[in-house]
Amino acid sequence: MRNLVIMPSVAQNQSRFNLGEYVEDATIVEETVRPKRVNHFIEANTQEVTLQHLKHDCITPVFSKDNELTINHATFVETIQEAAQSFFSGERIEQADIRCSHIVKGRIPEAIHKPANQLLESDKTIYYERAAFSIDVPTIYETVGGNKLNLSIVGVRAYNQMNLYSKKVPELFRLAIGFKNQVCCNMCIFTNGYKDDLRASNTTELYRAALELFNNYNPAKHLYLMQQLGNTSMSEHQFCQILGKMRLYQCLPTGYQKALPRMLLTDTQINSVAKAYINDDNFGSLGSDLNMWKFYNLLTGANKSSYIDSFLDRSLNATEMALGINSALHGDERYKWFID
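Reading the values: rules and limits
Residues numbered from 1 in each chain as written. Predicted model: local features only at pLDDT ≥ 70, side-chain atom pairs only at ≥ 80, totals over all residues. Heavy atoms only, no water. Helix = DSSP H or I, 4+ residues; strand = E, 2+ residues; numbered from the N terminus. Buried < 20%, exposed > 50% of the residue type's maximum accessible area, 1.4 Å probe, protein only. Phe/Tyr/Trp six-rings, centres within 6.5 Å; stacked < 30°, edge-to-face > 60°. Lys NZ or Arg CZ within 6 Å of the ring centre and 35° of its normal. Expected span 1.5 Å × (residues − 1). Contact = heavy atoms within 4.5 Å. Polar contact = N/O pair within 3.5 Å; in protein donor to acceptor, adjacent residues only side chain to side chain. Axes fitted to C-alpha atoms, helices over the stretch in contact; angles between N-to-C directions. Parallel < 35°, antiparallel > 145°, perpendicular 65-115°, else oblique. Left-handed = near helix turned anticlockwise from the far one by under 90°. Core = buried A, V, L, I, M, F, W, Y, C linked by side-chain atoms within 4.5 Å. pLDDT = per-residue confidence, 0-100.

**Details of the environment of Ile-59**
- Structurally, Ile-59 can be placed in the loop between helix H2 (51-56) and strand S4 (62-63).
- Since its relative accessible area comes to 42%, Ile-59 is described here as partly exposed.
- It is 5.7 Å that separates the C-alpha atoms of Ile-59 and Tyr-127, two residues lying 68 residues apart in sequence.

Quick look at the structure:
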């Protein structure tokens, strides 16, 4: 996008100063304006899609042994949206932000013998193996560490974690409720706000499970724990020590690793944490102490590069790591290995 800026010329002042004989044409200067980067709650290899696209352009996978329908991505989104509107009646519920990955392509029977380069759009079928969505409730919010957090509901569906070659069985969903940092769209997930093994055979069961999760979630406790993170800081030396231990964790023998608290971030994501510590405008702290709220957001920011099927597990683990290391800085033994 280019803005045209007309620089003032002598011509603008000719009537006032009678300088017509010196008038030159106005100079047009082209300014290149870079489009502002849009934050998403998850990045990785995902693409943004609409609910209408999922409903009208995508086929619904079935269980191949009995040809029973799965609960498709669009139905999953709509069911959780309805549950949110019911549970949070009176609040403003935004439309779901949906991101999908891993397209599974097919073709209609009439196009079986067509070469791929001759296929029309009407000949093709698609569905997405994995889908994630975020539904914000902007009227329920709090400020933590100077950042506005909106209540947000996140759902994840991954067909690759199910056996579609069998008869119909209860299907696997992941659902979480927590807070989204509006500065960076990082997701903050807490233990009682996450259901990692939600099994449902129909939308009624899915709806009921969503209401149960919303009811069990304690937002006040979650917010209190996040606010406490801002009261503790670590030195740059301690931060580097933690990064080193996180890298070392990946290489530990299995028995040794099992004796420690789990840490799910990958080496690439740990590198992202290090880069963000230096470059991030909101949470970087190069050359100074780093408070635990910023550290937590460095972890959740790195997690946005996770694939959909591991996103929520790592979101919860980022919370566990931040709270655990925060306790270790106050003398707790459980996460002490990461700071020693």
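Read on for the rest.
**Focus on the packing of aromatic side chains**
- In this structure the tally under the stated criterion is 14 aromatic pairs.
- One aromatic cluster in this structure is built from Tyr-249, Tyr-335, Trp-337 and Phe-338.
- Of note, Lys-148 hangs over the ring of Tyr-141, and the distance from its end group to the ring centre comes to 4.7 Å.
- Between Lys-245 and the ring centre of Trp-337, over which it is positioned, the NZ or CZ distance is 4.6 Å.

**Considerations on unusual backbone geometry**
- For Ala-44, which is not glycine, the phi torsion reads 45° and is therefore positive.
- On the secondary structure map, Ala-44 appears in the loop between strand S2 (28-32) and strand S3 (47-49).
- Overall, the relative accessible area of 35% leaves Ala-44 in the partly exposed class.
- Residue Asn-67 is not a glycine yet carries a positive backbone phi of 60°.
- Tracing the backbone shows Asn-67 in the loop between S4 and strand S5 (68-69).

**Regarding helix H3 (residues 73-87)**
- Compared with an ideal rise of 1.5 Å per residue, which puts 15 residues at 21 Å, H3 spans 21 Å between its outermost C-alpha atoms and is within 8% of the ideal.
- All buried positions along H3 are accounted for by His-73, Ala-74, Phe-76, Val-77, Thr-79, Ile-80, Gln-81, Ala-83 and Ala-84.
- At its buried positions, H3 is contacted by H2, strand S6 (97-107), strand S7 (124-144), strand S8 (147-158), strand S9 (171-181) and helix H4 (203-216).
- The distance from a side-chain oxygen at the start of H3 to the backbone nitrogen of Ala-74 is 3.3 Å, and the residue carrying that oxygen is Asn-72.

**As for the environment of Gln-269**
- Tracing the backbone through its elements, the reader meets Gln-269 in helix H8 (residues 267-279).
- Classification of Gln-269 as buried rests on a relative accessible area of 2%.
- For the pair Gln-269 and Gly-301, spaced 32 residues apart in sequence, the C-alpha to C-alpha distance is 9.0 Å.
- Filtering out sequence-adjacent residues up to four positions away, Gln-269 remains in contact with Leu-264, Ala-302, Asn-303, Ser-305, Ser-306 and Arg-314.
- A polar side-chain atom of Gln-269 sits 3.0 Å from the main-chain amide nitrogen of Thr-266.

**What about helix H9 (residues 292-303)?**
- For H9, which comprises twelve residues, the first-to-last C-alpha distance of 17 Å matches the rise-based estimate of 16 Å (1.5 Å per residue) to within 8%.
- The element H9 is largely enclosed, with a buried count of ten among its twelve residues.
- By the burial criterion, the buried members of H9 are Met-292, Trp-293, Phe-295, Tyr-296, Asn-297, Leu-298, Leu-299, Thr-300, Ala-302 and Asn-303.
- You can read the cap of H9 off the contacts: a side-chain oxygen lies 3.0 Å from the backbone nitrogen of Trp-293, and it is on Asn-291.

**Some points on the packing of H9 against helix H10 (residues 308-329)**
- Axis separation between H9 and H10 bottoms out at 9 Å; the angle between their running directions is 160°. As summarised for this structure, H9 and H10 are arranged roughly antiparallel, according to the angle between their axes. As for the relative orientation of H9 and H10, their crossing is right-handed in sense. For the pair H9 and H10, the contacting residues are Met-292, Phe-295, Tyr-296, Leu-299, Thr-300 and Asn-303 in the first and Phe-311, Arg-314, Ser-315, Ala-318, Thr-319, Met-321, Ala-322, Ile-325, Asn-326 and Leu-329 in the second.

**Here's the deal with the packing of helix H6 (residues 236-249) against H8**
- Contact geometry of H6 with H8 gives a least axis separation of 10 Å together with a crossing angle of 165°. Classified by the interaxial angle, the pair formed by H6 and H8 is roughly antiparallel. Crossing angle aside, the handedness with which H6 passes H8 is left-handed. Contacts between H6 and H8 involve Glu-236, Phe-239, Leu-243, Met-246 and Arg-247 from the former and Asp-267, Ile-270, Asn-271, Val-273, Ala-274 and Tyr-277 from the latter.

**What to know about the nonpolar core**
- Ranked by size, the top nonpolar core spans 72 residues in total, and within it Ile-80 and Met-246 carry the most contacts.
- Ranked by residue count, the leading element in this core is H9, at seven residues.
- Setting aside its immediate chain neighbours within four residues, Ile-80 contacts Phe-133, Ile-135, Ile-153, Leu-175, Leu-206, Ala-210 and Phe-214.
- Within the second largest apolar cluster, 13 residues are counted, among which are Phe-41, Ala-132, Val-156 and Ile-189.

**Section: the confidence of the model for the chain**
- Looking at the chain, the pLDDT average stands at 89 and 89% of residues meet or exceed 70.
- Of all helices and strands in the chain, the one with the weakest mean pLDDT is strand S1 (residues 2-6) (38), whereas H3 scores best (98).

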